[in-house]
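Close look at the chain arrangement
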Amino acid sequence: MKYYLIIDLEATCCKERTITRDKMEIIEIGAVMIDAVTLKIVDEYEIFIKPILNPTLTTFCKTLTTITQDDVDEAIGYKEALADFKKWFSQYDDFLFCSWGDYDKSQFLQDCKLHGVEYPFSDEHLNIKKEFAKVQGVKPCGLDTALAHVNLELVGTHHRGIDDARNMGRLMPFIVK
Ligand code: AMP
Ligand code: MG
């Protein structure tokens, strides 16, 4: 393939898990498009999404992600946001959807079902958390631990979609050999 599309989602959440996994909703899509040959970022995308099941963000969620209530209040809904995201990534043909773990893929599937829209990707997905562990000979770990393992500083804010996606992009030379 020509590109790696690295996606990191942030979602509604709470400390006490009162928002159960099946009720979590995407509030941010952060993504970077990586050239598969140079492994450099060629484009970036970020959008906030207004959640419908739990429209008021918990203090825990705002602290974890740095996403504000205004960010989601002023945001568009999932269906429109997904269409905008699709328009952006459709400029690139032949990419592989990558994310840190399987969470992001399953959250997309869940939100698509909730809003009655088609899942926008093929079945193919690369779990780069697993791939990093395999290539580096370590146990599957968090993004912050992975960056530290290869002596890279975490740039931006961890648990912010766009920053997580950029940091994963910086790990690609340590994942794809
Ligand atoms: P991440 O990509 O690691 O920033 O996590 C994606 C989403 O998973 C976050 O936006 C939260 O909804 C949820 N999440 C991550 N870490 C936690 C945690 N420690 N407790 C509850 N939810 C979490
Ligand atoms: Mg994240």
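Okay, so let's go over this structure. If you're wondering where the values come from, they're calculated on a predicted model, not measured in any experiment.

Section: the layout of surface pockets
By volume, the largest pocket is sized at about 530 Å³. Considering the residues around the largest pocket, the lining is formed by 24 residues, among which Leu9, Glu10, Leu64, Tyr103 and His159 are closest to the centre. Mapped by element, the contributors of at least two residues to the lining of the largest pocket are strand 1 (3-11), helix 1 (59-65), helix 4 (103-115) and helix 7 (161-171). No other element matches strand 1, which puts four residues into the lining of the largest pocket. A per-class count over the lining of the largest pocket returns 13 nonpolar, four polar and seven charged.

What about helix 3 (residues 78-89)?
With twelve residues, helix 3 should reach 16 Å at 1.5 Å per residue; the first-to-last C-alpha distance of 16 Å fits that figure. Among the residues making up helix 3, those that are buried are Tyr78, Ala81, Leu82, Phe85, Trp88 and Phe89. Angularly, the buried residues of helix 3 cover 115° about the axis, an arc narrow enough to put them on a single face. Along its buried surface, helix 3 packs onto strand 1, strand 2 (26-35), strand 3 (41-48), strand 4 (95-99) and helix 4.

What to know about the pattern of salt bridges
In the structure shown here, the tally under the stated rule is seven salt bridges. When the shortest N-O distance is used, the salt bridge between Arg160 and Glu28 registers 3.3 Å. Of the two residues, Arg160 is situated in the loop between helix 6 (143-149) and helix 7 and Glu28 in strand 2; the sequence distance between them amounts to 132 residues. Here the two residues Arg160 and Glu28 agree in accessibility, since each one is buried. The closest approach of N and O atoms between Glu46 and Arg160, which form a salt bridge, is 3.4 Å. Taken as a pair, Glu46 in strand 3 and Arg160 in the loop between helix 6 and helix 7 lie far apart in primary sequence, 114 residues in all. Exposure remark for Arg160: the relative accessible area of 14% places this residue in the buried category. Through salt bridges with shared partners, one network takes in Glu28, Glu46 and Arg160.

Brief notes about the packing of helix 3 against helix 4
Contact geometry for helix 3 and helix 4: axes closest at 10 Å, N-to-C directions at 125°. Taken together, the axes of helix 3 and helix 4 are oblique relative to one another. As for the relative orientation of helix 3 and helix 4, their crossing is left-handed in sense. Every residue of helix 4 that contacts helix 3 at Tyr78, Leu82 and Phe85 is listed here: Phe108, Asp111, Cys112 and His115. The class makeup of the residues in the contact of helix 3 with helix 4 is five nonpolar, one polar and one charged.

Here's the deal with the coordination of the magnesium ion (ligand 2)
The coordination sphere of the magnesium ion (ligand 2), as far as protein atoms go, consists of Asp8 (OD), Glu10 (OE) and Asp164 (OD), spread over 1.9 to 2.0 Å. Coordination of the magnesium ion (ligand 2) draws on donor residues from a single chain, spaced D-x1-E-x153-D in sequence.

Rules used in this analysis
- Residues numbered from 1 in each chain as written.
- Chains lettered and ligands numbered in written order.
- Predicted model: local features only at pLDDT ≥ 70, side-chain atom pairs only at ≥ 80, totals over all residues.
- Heavy atoms only, no water.
- 1 Å grid on protein atoms, 1.4 Å probe; cavity = no way out; pocket = protein on both sides within 12 Å on 5 of 7 lines; lining within 4 Å.
- Points joined across faces, edges and corners; volume = space filled by probe spheres on them.
- Helix = DSSP H or I, 4+ residues; strand = E, 2+ residues; numbered from the N terminus.
- Nonpolar A, V, L, I, M, F, W, Y, C, P; charged D, E, K, R; others polar.
- Expected span 1.5 Å × (residues − 1).
- Buried < 20%, exposed > 50% of the residue type's maximum accessible area, 1.4 Å probe, protein only.
- Arc of directions from axis to C-beta.
- Contact = heavy atoms within 4.5 Å.
- Salt bridge = Lys/Arg side-chain N within 4 Å of Asp/Glu carboxyl O.
- Axes fitted to C-alpha atoms, helices over the stretch in contact; angles between N-to-C directions.
- Parallel < 35°, antiparallel > 145°, perpendicular 65-115°, else oblique.
- Left-handed = near helix turned anticlockwise from the far one by under 90°.
- Donors = N, O, S within 2.8 Å, 3.2 Å for Na, K, Ca; no water.

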